[in-house]
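Notes for the structure review
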Number of protein chains: 4
Amino acid sequence: MKSDIQIATEAKMNTIIDVAGSLDIREDELELHGKYKAKLSDELWNRVKDNEDGKLVLVTAINPTPAGEGKTTTTVGIGQALGKMGVNSIIALREPSLGPCMGIKGGAAGGGYAQVVPMEDINLHFTGDIHAVSVAHNLLSAMIDNHLQQGNDLGIDQRQIVWKRVVDMNDRALRHIVVGLGGRLQGVPREDGYMISVASEVMAILCLSKDLMDLKKRLGQIVIGYTYDRKPVTAHDLKAEGAMAALLKEAIKPNLVQTLENTPCIIHGGPFANIAHGCNSLRATNYALKLADVVITEAGFGADLGAEKFLDIKCRKGGLKPNAIVIVATVRALKYNGGVDKKDLAGENVDALKKGLVNLEAILKT
Amino acid sequence: MKSDIQIATEAKMNTIIDVAGSLDIREDELELHGKYKAKLSDELWNRVKDNEDGKLVLVTAINPTPAGEGKTTTTVGIGQALGKMGVNSIIALREPSLGPCMGIKGGAAGGGYAQVVPMEDINLHFTGDIHAVSVAHNLLSAMIDNHLQQGNDLGIDQRQIVWKRVVDMNDRALRHIVVGLGGRLQGVPREDGYMISVASEVMAILCLSKDLMDLKKRLGQIVIGYTYDRKPVTAHDLKAEGAMAALLKEAIKPNLVQTLENTPCIIHGGPFANIAHGCNSLRATNYALKLADVVITEAGFGADLGAEKFLDIKCRKGGLKPNAIVIVATVRALKYNGGVDKKDLAGENVDALKKGLVNLEAILKT
Amino acid sequence: MKSDIQIATEAKMNTIIDVAGSLDIREDELELHGKYKAKLSDELWNRVKDNEDGKLVLVTAINPTPAGEGKTTTTVGIGQALGKMGVNSIIALREPSLGPCMGIKGGAAGGGYAQVVPMEDINLHFTGDIHAVSVAHNLLSAMIDNHLQQGNDLGIDQRQIVWKRVVDMNDRALRHIVVGLGGRLQGVPREDGYMISVASEVMAILCLSKDLMDLKKRLGQIVIGYTYDRKPVTAHDLKAEGAMAALLKEAIKPNLVQTLENTPCIIHGGPFANIAHGCNSLRATNYALKLADVVITEAGFGADLGAEKFLDIKCRKGGLKPNAIVIVATVRALKYNGGVDKKDLAGENVDALKKGLVNLEAILKT
Amino acid sequence: MKSDIQIATEAKMNTIIDVAGSLDIREDELELHGKYKAKLSDELWNRVKDNEDGKLVLVTAINPTPAGEGKTTTTVGIGQALGKMGVNSIIALREPSLGPCMGIKGGAAGGGYAQVVPMEDINLHFTGDIHAVSVAHNLLSAMIDNHLQQGNDLGIDQRQIVWKRVVDMNDRALRHIVVGLGGRLQGVPREDGYMISVASEVMAILCLSKDLMDLKKRLGQIVIGYTYDRKPVTAHDLKAEGAMAALLKEAIKPNLVQTLENTPCIIHGGPFANIAHGCNSLRATNYALKLADVVITEAGFGADLGAEKFLDIKCRKGGLKPNAIVIVATVRALKYNGGVDKKDLAGENVDALKKGLVNLEAILKT
């Protein structure tokens, strides 16, 4: 059996101009990143924004299990199947983080014959969106420290700064650090730490913003910490939102790629599902709905957390209404829920399966 | 008088495909980044590598003064002038750092009517090369800390790690930090610090490497610190060079942009001139020499430091021989060297000018 | 009404030689510290160790309340009363910590006309015992860091060192610190912290040791942390116990002072009652039992914690059997237990008193 | 040949009451610390302060060499010799630091048959003076951090606090530390460090103060750091000097011990000679001058540094005038100055000796 990487490497990709063409997107509405990736321009949006919306299909799963639920693979598979049936469809996914990719988890662009390509690019720098999020995020951190250093007119309590720095890497040694050492000229000592970039509030904001103006406004509302008398301090108080938004003006544009079968796929935004809302950007979903008859998207984590957030946060903010919800519930995952140990999931076990189904029923009732 | 930004914004750019076309580069030899930036592919190199080299012109300046010498502006101006004269020429520059740009210094892509565009893109993320350098650099840092955490088989002395982290920003509070706090699961405590990304040895290596294989080999030779018994430890000892090189496989490709007058300009690599060799990449210069009759490039800092490094390091490594050297010596800079205070440089002062000329003479004699 | 300090200052003290004389202790069996404090020598112990033991009275209290239970005042009062009745009695108390004294809590040598004097000396350096404990404790810390610095032959994991440093002061900024900074010559960076000296395990050990040999053996058994492969490391592994014991050779000798009415009082050792056993030293109690017909001592905290520890730890280790137990239960404390707010404790409230008595009954049943 | 420790252990000490008696000091003018150490009381001073001063002899040495100059041994030897000749003399020395003693240097109370005893006591806690200095010093540190924590009304810049903490131990890992970690309730993070206690400015002040009032005033003048606008902040600004002086009220009293031949010796105060003035306390010298016909004292380091400081600082502050100066210049030290390697100092080398004498001549001319 071929590995995911082999299959991805052997993919026969169309140029992204051709993929876009299949959605009636014109070449000058694209910002190309090499031959197989492109950002969708504001001009495109202005042309299609009054189109009727396509149907929205949400793919979710029962609770997360070590068995792996295959949400992305299912999403890509449905998209490819619809494509083969001649349905004009788009898949809308999150961007995988470089962090876990360089660490343990491996890429997150589907598997087997249901993958998004060019896989390696998507898993590395892609079109630079996560880098831009990291830089915008850390610019705010630098402005906080610079404010402390320049006399701290806002009276920010260095012990109550909640805005940590971010890095797009599993770099555990940076989780708890002390910064600002080295004397009067170097900064004000304080405890700080790094989170992974996709856990950044900037990423969450990017994924919920309608446009650059909305993004800038939301960035300004970020609470970075508290003053000595316990009042919140925002990014706007530090006049940071303008520069942050400038750094994100390309990152806010959705990225177009394709599946192994050349189905269009928009990959944009990747907020963590555990601490943020965990789905791709609202802008990407909106572009997709205007460009295709069916849009298949997914929500991170299981139905109980990820789908809830999708429905309660993203749909409400964006006025979306899914027309169908697919719940991925593999037999392996059900058996796991029924009490089977991870290493025994390959074997048949009908009793465990029955027990595990209770979980699925509960989700269906919600 | 119009500001640099106004002039840059009003530029009438050709598409980068047209700019490349003026050098007989074919569209499929480009990796487009939007309409006005492109990376030059390996395929292009393979086609032109046996062409005869053009002439190489080095622009340098007398010693750096607060008056500003205008090296880049002169370089761009010469390139534009040659273009207007019908000479097939390419300008080859360093990429400006986001760091100083977000801080105080402002962009570094020329000035007035001798600028490189699209200015804003060049000054922000450009094609992501510096981000890639930062990530590759910091991956090595993360692997060092992870090695300490996993038992430290190499016996690395945490007090003798010379490989600091980097960030593409003026973030002074990160210069002296303590990392690895938080207990047994988080890492091994040690002193660390951040430098600006363009000061990274990875940037210096990127700019001196012939190709990806050469890059990988050189990355492996990086000394990251010393063992408890004072033996050097390299990136290769940590098996880091492969992943680092993978992260740099796009960054190693030169970037093509244009001047305000549509002269082709290759911007690639930006090692600091004070601590590294301070000129654009060897690869970029080689591409340029194969594609044009005249290549105008510059070396950071003054003739005594920057040009020396260009001649002694880059030319020797790359087998280059400049055909001409231009020394920028403004009257203001000469007066400054002659003892005039910065704020009085606008006024006439022939005596000071005469005194300042001594410096220029010394350089010419070298 | 006179303040405690006024009363203490006006005390008519006998010389400590006279106080000792009332217990038939000879001058050359004392090590004088000025006129009113003395350490009891080993020679004294050797002379009296075969005497018959006196009666042992333990003073404890119901659960600790903000009303203050007055255990020490009661203990001193009983001692003075017995003295007035002509009973040959000794009071045996803990030494108050300088830490809380310089901070908020104030001294801890009784109150009103039931105090131990010279109060100021007792509350400051006294005879240097707590200083000696601090130095012995911190010597072990210094030896740990020196061991790390000298090559760490024992393989101590710097993230698993449980032996914090101590200071006899409320110095909150020292609770969480990072030590060993400054480069290769200064030490191995690690997280550390300071506790208050009386919380030192050295203090607990000092108070449970029979003699200097026993002390040294117990010091050697201290676990200071764990190796990289999770094995415990002891003070003995660092060869620290000899020097530590040498630093404690005076501190192990009980201190003799007197009450306002010249009743002999031995003050020796002061382990925290919350984390250690919270009563004066076993040696002090043993000396007292050999020298007097009745010994009145107290246990820190309430009966449920302090008295339990006294009975379960100190009595078992030392073969002691209290002949009587006094439970201090003020009406104020009972009312507080009955639900009265701290600020209303002065007023009569029989209902609350009845409710509060439940607590006392529970203790009596134990 | 017997070791120093053997000789010291076999010493036939008189009781300190007898030693004091030889100077006509009455028992009730002493504050005894065991049988062989006593503090000299204020009452004694009041009785003798109008006596005529004895003669003052200063012992110094040529420049410090690794050969060891034997200043203390010479000082003690002269004192003993005068004693044997029937001259009523007192030796006045510095107190050795516990720090170097527990580390490498070993005790500092003379050698051979010219030692001060009880040696072990002197080298360990002695009468607690250095402990008191440490606690008073660190109380000020704690008050600084507490001030930062309580709102920092004085506007102290945490990066410009020059008042480090102290510990009476060679504890290198404490030289550079970060304190105040752990969050809002624990303190304000800042860089700090520990010096050895005898390097404390409190020790220097203690040794130059006339009495407790003078001490308190001088303590109040200590500059602990600077405000954000670069104004000095003193201990008095923090209202620290009262508590500090209270902690030093015993430490300010000179300590009386004896030599192996029972010559009275006052050991009091031990400021480092490299960074402070390096001689025993002014109070001790004054007591000695009132009590004996001849007082032999020494100054730390060589004549060029230590004796200069003695003459320029201590003598001026205290109105002292040495009647004689002894310069210790061993043949070994002269040979070392003449260029002989440390390991060859035992051999005869007249040439080197001649060369080395130049140094001695230079000192004599000063």
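Residues numbered from 1 in each chain as written. Chains lettered and ligands numbered in written order. Predicted model: local features only at pLDDT ≥ 70, side-chain atom pairs only at ≥ 80, totals over all residues. Heavy atoms only, no water.

**Focus on the overall build of chain A**
Stated formally: Each helix is a run of DSSP H or I of at least 4 residues and each strand a run of E of at least 2, with the numbering of both proceeding from the N terminus. In what follows, a contact means two residues having at least one pair of non-hydrogen atoms within 4.5 Å. Surface exposure here means Shrake-Rupley accessible area, sampled with a 1.4 Å probe, where a residue is shielded only by the protein chains that are shown. Counted charges follow a simple rule, with Lys and Arg positive, Asp and Glu negative, and His plus the chain ends left uncounted. Think of each charge as sitting on NZ of Lys, CZ of Arg, CG of Asp or CD of Glu.
If you tally the helices and strands in chain A, you get 14 helices and 17 strands. Along the longest, intermediate and shortest principal axes, the C-alpha atoms of chain A span 65 × 55 × 40 Å. Long-range contacts, defined as pairs at least 24 residues apart, comprise 71% of the intrachain contacts of chain A with a sequence gap of at least 6. Put simply, chain A shows about 14,900 Å² of open surface, and 52% of that area lies on carbon and sulfur atoms. Here chain A holds 43 positive side-chain charges and 43 negative ones, and the gap between their average locations is 3 Å.

**Considerations on helix 11 (residues 282-291) of chain B**
Rules: Relative accessible area decides the class of each residue, using a 1.4 Å probe on protein chains only: under 20% of the type maximum gives buried, over 50% gives exposed, and in between gives partly exposed.
For helix 11 of chain B, a buried count of nine out of ten residues is recorded, marking the element as mostly surrounded by other parts of the structure. Turning to helix 11 of chain B, its buried residues are B:L282, B:R283, B:A284, B:T285, B:Y287, B:A288, B:L289, B:K290 and B:L291.

**Things to note about the sheet that holds strand 13 (residues 232-234) of chain B**
Residue and element names in this part refer to chain B. Here is the rule: Two strands pair under a simple rule: DSSP has to find at least two bridges between them. To obtain each axis, a line is fitted to C-alpha atoms, and for helices this fit is confined to the stretch in contact; angles are then taken between N-to-C directions over 0 to 180 degrees.
Spatial strand order, 7-12-13: three strands in an open sheet with antiparallel pairing. For this open sheet the edge positions go to strand 7 (156-161) and strand 13, each flanked by a neighbour on one side alone. When the angles between neighbouring strand axes are averaged without regard to direction, this sheet yields 50°. As paired elements, strand 12 (residues 223-227) and strand 13 share three bridges and run antiparallel to each other. In the strand pairing of strand 13, G225 is matched with V233.

**Quick notes on the interface of chain A and chain B**
Rules: Buried area: the accessible surface (1.4 Å probe) lost by two parts on joining, summed over both. Definition used for salt bridges: Asp or Glu carboxyl oxygen within 4 Å of a side-chain nitrogen of Lys or Arg. Within 3.5 Å is the distance limit for a polar contact, defined as a pair of N or O atoms, with the added protein rule that one can donate a hydrogen and the other accept it, and that residues adjacent in sequence qualify only through two side-chain atoms. Gly falls in the polar group here, along with every residue not listed as nonpolar (Ala, Val, Leu, Ile, Met, Phe, Trp, Tyr, Cys, Pro) or charged (Asp, Glu, Lys, Arg).
Listed as interface residues are 43 residues of chain A and, on the opposing side, 43 residues of chain B. Taking both sides of the interface into account, the surface hidden between chain A and chain B amounts to around 3,600 Å²; carbon and sulfur atoms contribute 64%. At the junction of chain A with chain B, the criterion picks out six salt bridges. Close ionic contact of A:R165 with B:D171 constitutes a salt bridge, the shortest N to O distance being 2.9 Å. Summed over the shared surface of chain A and chain B, the number is 21 residue pairs in polar contact (both at pLDDT 80 or more). Per-class residue counts for the side of chain A that touches chain B are 21 nonpolar, ten polar and twelve charged.

**What to know about the packing of helix 7 (residues 129-149) of chain B against helix 8 (residues 201-208) of chain B**
Residue and element names in this part refer to chain B. Defined as follows: By the definition adopted for this analysis, an angle is roughly parallel if under 35 degrees, roughly antiparallel if over 145, roughly perpendicular if from 65 to 115, and oblique otherwise. When the near helix sits turned anticlockwise from the far one by under a right angle, the crossing is termed left-handed; a clockwise turn instead gives a right-handed crossing.
Contact geometry for helix 7 and helix 8: axes closest at 9 Å, N-to-C directions at 120°. Looking at the two axes, helix 7 sits oblique to helix 8. Crossing of helix 7 over helix 8 shows right-handed handedness. Mapping the contact onto sequence places I130, V133, A136 and H137 in helix 7 and V202, M203 and L206 in helix 8.

**With respect to the arrangement of the chains**
In this view chain A stays clear of chain C, with the nearest C-alpha atoms of the two still 9 Å from each other. With no contact formed, the shortest span from any C-alpha in chain B to any C-alpha in chain D equals 9 Å.

**Regarding the interface of chain C and chain B**
Facing 16 residues of chain C, the contacting portion of chain B comprises 16 residues. In total, about 1,400 Å² of surface goes out of reach between chain C and chain B, with carbon and sulfur atoms giving 54% of it. Sorting the residues of chain C by area buried against chain B places C:R159, C:R184 and C:E191 first, and these three jointly supply 48% of that buried surface. Summed over the shared surface of chain C and chain B, the number is eight residue pairs in polar contact (both at pLDDT 80 or more). Secondary structure elements with two or more residues in the side of chain C that touches chain B: strand 7 (156-161) and strand 10 (190-192) of chain C. No other element matches strand 7 of chain C, which puts four residues into the side of chain C that touches chain B.

**Re the relation of the copies chain A and chain B**
As a reminder of what qualifies: The superposition of copies rests on a least-squares fit of C-alpha positions from residues with pLDDT of 70 or more in both.
For the pair chain A and chain B, the best superposition has an RMSD of 0.0 Å and corresponds to a rotation of 180° with a translation of 0.0 Å parallel to the axis. Expressed as a symmetry operation, the mapping of one chain copy onto the other fits a two-fold axis. Comparing interface residues between copies, 100% of those in chain A also lie at the interface in chain B; the contact surface is shared.

**As for the sheet that holds strand 7 (residues 156-161) of chain A**
Residues and elements named next belong to chain A. If you walk across this open sheet you meet the three strands as 7-12-13, and the pairing is antiparallel. Each edge of the open sheet is held by one strand with a lone partner, namely strand 7 and strand 13 (232-234). When strand polarity is set aside, the average angle formed by the axes of neighbouring strands in this sheet is 50°. Bridge count between strand 7 and strand 12 (residues 223-227): two bridges; the pairing is antiparallel. Among the inter-strand pairings, I161 is bridged to a residue of strand 12, identified as G225.

**Topic: the confidence of the model for chain A**
Operational definition: Confidence of the predictor at the level of single residues is given by pLDDT, which spans 0 to 100.
Here chain A averages 91 in pLDDT, and 96% of its residues register 70 or above. Complex prediction metrics read pTM 0.92 and ipTM 0.93.

**What about the pairing of strand 6 (residues 114-117) of chain D?**
Successive residues of a regular strand alternate their side chains across the two faces of the sheet. Residue and element names in this part refer to chain D. In strand 6, alternate side chains face the same way, and those of A114 and V116 on one face and Q115 and V117 on the other are all buried. With two bridges connecting them, strand 5 (residues 110-111) and strand 6 associate as antiparallel partners. Within strand 6, the residue paired with G110 across the bridge is Q115. Between strand 5 and strand 6, which follow one another and run antiparallel, lie two residues, and G112 among them has a positive phi close to 60°. Pairing analysis gives two bridges linking strand 6 to strand 14 (residues 255-259), with the strands arranged antiparallel. The residue of strand 14 that forms the bridge with V116 is T259.

**Concerning the pattern of salt bridges**
Under the criterion given, the structure shown has 100 salt bridges over all chains. Note that A:R26 and A:D28 form a salt bridge whose closest N and O atoms lie 3.9 Å from each other. Overall, the relative accessible area of 45% leaves A:R26 in the partly exposed class. Overlapping salt bridges, with partners in common, bring together A:E31, A:K249, A:E250, A:K253, B:K37, B:E120 and B:D121 in one network.

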